[in-house]
Amino acid sequence: MTTTAVETVTLTIDGKTIQSPKGTLLIEAARKAGIEIPAFCYYEGYSLQAACRMCLVEVEKAPKLQVGCTLPVAEGMIVHTDSPQVQKARKGTLEFLLTNHPLDCPVCDKGGECELQDMVFRYGAGESRFTEMKLHIDEQQWSPVVFYDAPRCILCYRCIRVCDEGMGVGALGLGNRGASAVILPNKVTGDNQHYLSCDECGACIDICPVGALTSGIYRYQTRPWEMNHVGTICTHCSNGCKTTLGVRNGRIIRGNNRDHSGINGEFLCIKGRYAFDFVEHPERLQSPLKRVGDRFEEIPWSEAIETVAARFSEVKAAGGKFGVIGSNRTTNEENYYLQKFARQGLGTSNIDHQRTGDLTTLLDALQGRGGALATVADVYHAKAVLIVGSDLSQQHPLLAFQARAGVRHHDTRVYTVTPGPVREDKYSARGVIAQPGGEIAALEGLREDLAKEPELVILFGDAIRGDAVRALVRFADSLSIPVKYVCLLDYANSRGAVDMGLTPDLGPGYHPVDRPGLTLDQMLKASDLDVLWIVGANPLRNRALAGENTFVVVQDLFLTETARRADIVLPAASAYEKNGTLTNVCGEVQRVTQAAKVMGTKPDLEIFGLIAREMKINVGIWQWQKMFEEIRKTVRGYNVPLPVVATGGAAQTNPVNGRVPSLIRPEEIRSAGDTLFTSGTTGRYSNVLNAVLESPGRLYSGK
Amino acid sequence: MLYNEPSPLEVRVLTRRFGLPDSASLDTYLAHEGYQAFQKAVKMTPEAIIEEVKASALRGRGGAGFPTGMKWSFVPRNSPKPRVLVVNADESEPGTCKDRLLMEYDPHQLIEGMMIGGLAVDAHRGYVYIRGEYRYLIDHMDRAIEEAYRKGWLGKNIQGTGFDFDVYTHSGAGAYECGEETALLDSIEGKRGIPRMKPPFPAVAGAWGLPTLLNNVETFCAVPAIIRDGGAAFAALGTPKNGGTRLLCISGHVNKPGVYEIPLGFPMMKAINELAGGIPGGRKLKAVIPGGSSCPVLRAEECDIPMDYDTLMKAGSMLGSGGMVVMDETTCMVRAALRIMKFYAHESCGWCIPCREGTTWLRKILERIVEGRGQKSDLPLLGDLAKNMLGRTFCALGDAAAMPTISIVEKFPEEFEAYFSGKAVESAARHEPAFVTA
């Protein structure tokens, strides 16, 4: 990084002398000095509009009030943000705004967290002089998740910008003019019904300062102050977005990123914002099941635990063969406990999970160098980003958002090597189409451009595995520029599963084990397994289990294809119903916090603990805090600062910096290839995701 | 007919070919000094052309009255980006109807003015943005452009001078807002016509982000005469800092409404009484909107002044785009205010809050007053709301709506009182002024 001296200017705002870098917008300079210049249309990080006129301030020597959101600070500027003239202007603007804005705050979703309400309360007149008829336009439903109530709209154009600039979708625009101007979605039916065809991410709803855009999931359900707001991590993809769940009476009724405090800032996709509804799906398992012939019978927890523990003890005593398959979604503590249970409690190395990216080969190829793994923030800050073999906007929406924001804010150059057209093509510096397997060869076409970049972050998907990973690292090394990597993985804790040693050849922290066990594929093919214990995974979705007499125990949320094969099914709590930590695709450890409780389920950690107790073996105390403490002490790279995690921050793990002798066979590495609207099992049971998937681009009449 | 029998009081520079047989044809144009200015300009340096325009004291005829030569000098000729030229022919200001005559009767004068502008800023492409309502004029301009191409006055290597210039017409779609120069640029680019933030000004980043020379039709039409006869000669026609002649569109209560070319500084009362033949029926003058509906109204006793940019500014109004509306004693000023506000409420683009909501609110109040449901407090409310718009909107449309309202409220309060007391409501003698909107 080269440091350029930034010229500072001295100015006075409300009698306060402040210094600010030249070119800073007045509204930002004031905010840093603790002075609020109110605004609706100004939104940090998006293009300037100067449309709402709320930020008008008095600048001495200027002939009229100046627009605070577009005015760069200048040397010697004297600004008054609260003079009688400014106060009158604000009052006037708010009075204008309220002329056609319905005063339906008592039923409006936004009531209580509405920027217009706050502004009127603080800067407005107590009474309106408006005695004419208000304009009215009926409410419209644009998609399963987006409703538009035009009279409430104050036309700040935030939604248009977040959709276009932030998401790269551009599904919203402006129609009509004057007082009849409205926001319009991108599609219209033959009978003139407007509807949306987009990512359904709901960013427009979140960014709306008033109740004009409301969520089909949340609308008219509650008032904001009647909810508890639980900050946790989205359980779907591996990006690790913070989502704040609005919980009332133990039910999750809203997801958003209320305080923008996570690594994702204001970003959330449809999954983080809406796809929490699997929690309440009617098919959710709420009682342990026991196979009786070809059907299941509900049994009490005590009986289920006793049955499982008895069988485990029996097989262990007889020197039988265990297989354990872990999850891409369970917490670090659960993963750690499970592998410890398997290795120490059951004495087996047959433990694996569905590998979704070749992280181990990457770590091995990068041995001997530090700081070579990129964080989510790095993807934004990087001067150049290279995406290899992934439809980033579909599969890793936060990372794609970061890259887009980089392009927008500081001209990040984005390069792509993909098997087909991707959204990044819209703003990428160069893109190359390469068939699977041909990515590394195709990179040569970008060599000249990449070598000119000062630095690079490479994101690669499951198409790059095994030797291809080493070839990619060799290619990057040959560019002679600083390079960081992100190995793209599928789900919320895919990274944590590898880190915690849910692999047959590597224990926690990538320590090689003495006698490597069977991989997932090998376990499924082994006909002589006595016990197969599957936790939060669905490997039998499109494969069969060879062992006909294998005793299968499944812990899951739903009766999946795998659970149907089970002898005992244990209903597990989802990530939204438990506490612990997750590690995202970039190796950042974040805390998940319990938001809801579903009757009859138990967190996997507790289930493990109960089985261990029943078996009279000691695997440790099944409390997430105790386990996390043990992880911090024993797992390489996980000695992360507790306060960061405890306060909802993201703590970067230190990458393993040494040899990672992985025995993984590249063909066993498979991404599920989820899109924006799918997410493995939990996605299949999310009504919202199914609603947008089943009829993408169709009008939803709301009936 | 907007184009009247010429009056001996006129000074005919831009309109000199009006009335000639087949005046729009290239042959007529060439026979009457046509393209001579271009032939002269092509031998001049760009600096010299701009100096000549500066010397003419020509000021923008679109309404703002910005010195044209200075505007031309802002266009960076040495920019690595190509320069483009745009003609604002989105003539939509109520009361204004001059540009249509210039294009109808003398389209080649405009093309020549554009070519000289092209020489001055090293631009080789020009766009004439014509309001959609002027459909027939778009065809008319296209025919003139086609004739110019056919006879070698447009295209590559014009008349062997080595200068290339292309002209295209572009249709507006019925938005007053697109007469605002930056909204016009968005519209040309195919976007919704919304004004842009300034800076950057169009001279630096205009159409498609390219340095753009943007002027009104009449402004470009004045350029050939300036180059041909010299800037000083043009300037001498008018008053200091207010060079040359301009087209005055007189409408309303006059015997001979129409478009007249007058030197700047021409007395207003003389224009009403002599050029336009006075007020019908010997009725008395009540008020004048001097330069299009966005200019503050002058009471009759304020009208005895010469018409140039600076004097009118001093009188609290504007010369604007030359759309003079004359209102006699039978005019109801409240209805006039309503008529004006209906226009602005309809034309507000909706981009910023004060204009979008303010114009509609003012319209509703005025409607209510005219319907006899006004109350005393409406008068200060009208003034206060208009002042809440004034100077606080994104572009000048909000000011354009606020200024006439403020002036009518302040200058004719008694007419509002008459409505509040119920005296005026049923009065049959009152009627709206007829604006000429072309």
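Thresholds applied
- Residues numbered from 1 in each chain as written.
- Chains lettered and ligands numbered in written order.
- Predicted model: local features only at pLDDT ≥ 70, side-chain atom pairs only at ≥ 80, totals over all residues.
- Heavy atoms only, no water.
- Helix = DSSP H or I, 4+ residues; strand = E, 2+ residues; numbered from the N terminus.
- Contact = heavy atoms within 4.5 Å.
- Areas by Shrake-Rupley, 256 points an atom, 1.4 Å probe, with all protein chains shown as cover.
- Lys, Arg positive; Asp, Glu negative; His and termini not counted.
- Charge placed at Lys NZ, Arg CZ, Asp CG, Glu CD.
- Buried < 20%, exposed > 50% of the residue type's maximum accessible area, 1.4 Å probe, protein only.
- Pairing = 2+ DSSP bridges.
- Axes fitted to C-alpha atoms, helices over the stretch in contact; angles between N-to-C directions.
- Parallel < 35°, antiparallel > 145°, perpendicular 65-115°, else oblique.
- Left-handed = near helix turned anticlockwise from the far one by under 90°.
- Nonpolar A, V, L, I, M, F, W, Y, C, P; charged D, E, K, R; others polar.
- Domains from an automatic or database assignment.
- Buried area = accessible area lost by both parts, 1.4 Å probe.
- Salt bridge = Lys/Arg side-chain N within 4 Å of Asp/Glu carboxyl O.

**Thoughts on the overall build of chain A**
Thought 1: Of regular secondary structure, chain A possesses 23 helices and 30 strands.
Thought 2: Expressed along its principal axes, the backbone C-alpha trace of chain A runs to roughly 90 × 60 × 50 Å.
Thought 3: Within chain A, contacts between residues at least 6 apart in sequence are counted, and of these 68% link residues at least 24 apart.
Thought 4: Total accessible area computed for chain A in this model is approximately 27,100 Å², and 50% of it derives from carbon and sulfur atoms.
Thought 5: Counting 76 positive and 79 negative side-chain charges, chain A places the averaged centre of each group 1 Å from the other.

**Focus on the pairing of strand β26 (residues 551-556) of chain A**
Thought 1: Of all six residues that make up β26(A), six are buried, and the element is covered over most of its length.
Thought 2: Going residue by residue along β26(A), you find A:F551, A:V553 and A:Q555 tucked away on one face and A:V552, A:V554 and A:D556 tucked away on the opposite face as well.

**With respect to the sheet that holds strand β30 (residues 651-652) of chain A**
The strands making up a sheet associate through hydrogen bonds between their backbones, and the pairing can be parallel or antiparallel.
Residue and element names in this part refer to chain A.
Thought 1: The three strands are arranged β28-β29-β30 in an open sheet whose pairing can be described as antiparallel. Looking along the sheet, the strands with just one partner apiece sit at the ends: β28 (580-583) and β30.
Thought 2: The pairing of β28 with strand β29 (residues 588-592) spans four bridges and is antiparallel. Counted as the bridge partner of T583 is V589 from β29.

**Points about the environment of A:R447**
All names here are of chain A.
Thought 1: As for its position among the elements, R447 is in helix α14 (residues 447-451).
Thought 2: Among the residues examined, R447 registers a relative accessible area of 27% and is labelled partly exposed.
Thought 3: Taking the C-alpha atoms as reference points, R447 and A476, 29 residues apart in sequence, are found 9.2 Å from one another.
Thought 4: Non-local contacts of R447, meaning those with residues more than four positions away in its chain, are made with F475, S478 and L479.

**Quick look at the packing of helix α2 (residues 84-100) of chain A against helix α3 (residues 115-123) of chain A**
All names here are of chain A.
Thought 1: Where α2 contacts α3, the two axes come as close as 10 Å, and the packing angle between them is 140°. Here α2 is positioned oblique relative to α3, judged by the angle of their axes. The handedness of the crossing between α2 and α3 is left-handed. Seen from α2, the contacting residues are R90, K91, L94, L97 and L98; seen from α3, they are L116, M119, V120 and Y123.
Thought 2: Here the contact of α2 with α3 is composed, by residue class, of seven nonpolar, no polar and two charged.

**Some thoughts on the domain arrangement of chain A**
Thought 1: According to the domain assignment, chain A consists of domain 1 (8-97), domain 2 (109-216) and domain 3 (359-488).
Thought 2: Summarising the inter-unit geometry, the C-alpha centres of domain 1 of chain A and domain 3 of chain A are found 40 Å apart.

**Comments concerning the interface of chain B and chain A**
Thought 1: At the interface, 31 residues of chain B touch 37 residues of chain A.
Thought 2: A combined buried area of about 2,900 Å² lies between chain B and chain A, and 54% of that area is made up of carbon and sulfur atoms.
Thought 3: When residues of chain B are sorted by the area they lose upon contact with chain A, B:I353, B:W361 and B:R392 head the list and together hold 24% of the total.
Thought 4: At the junction of chain B and chain A, the tally comes to four salt bridges.
Thought 5: Note that B:R368 and A:E132 form a salt bridge whose closest N and O atoms lie 2.9 Å from each other.

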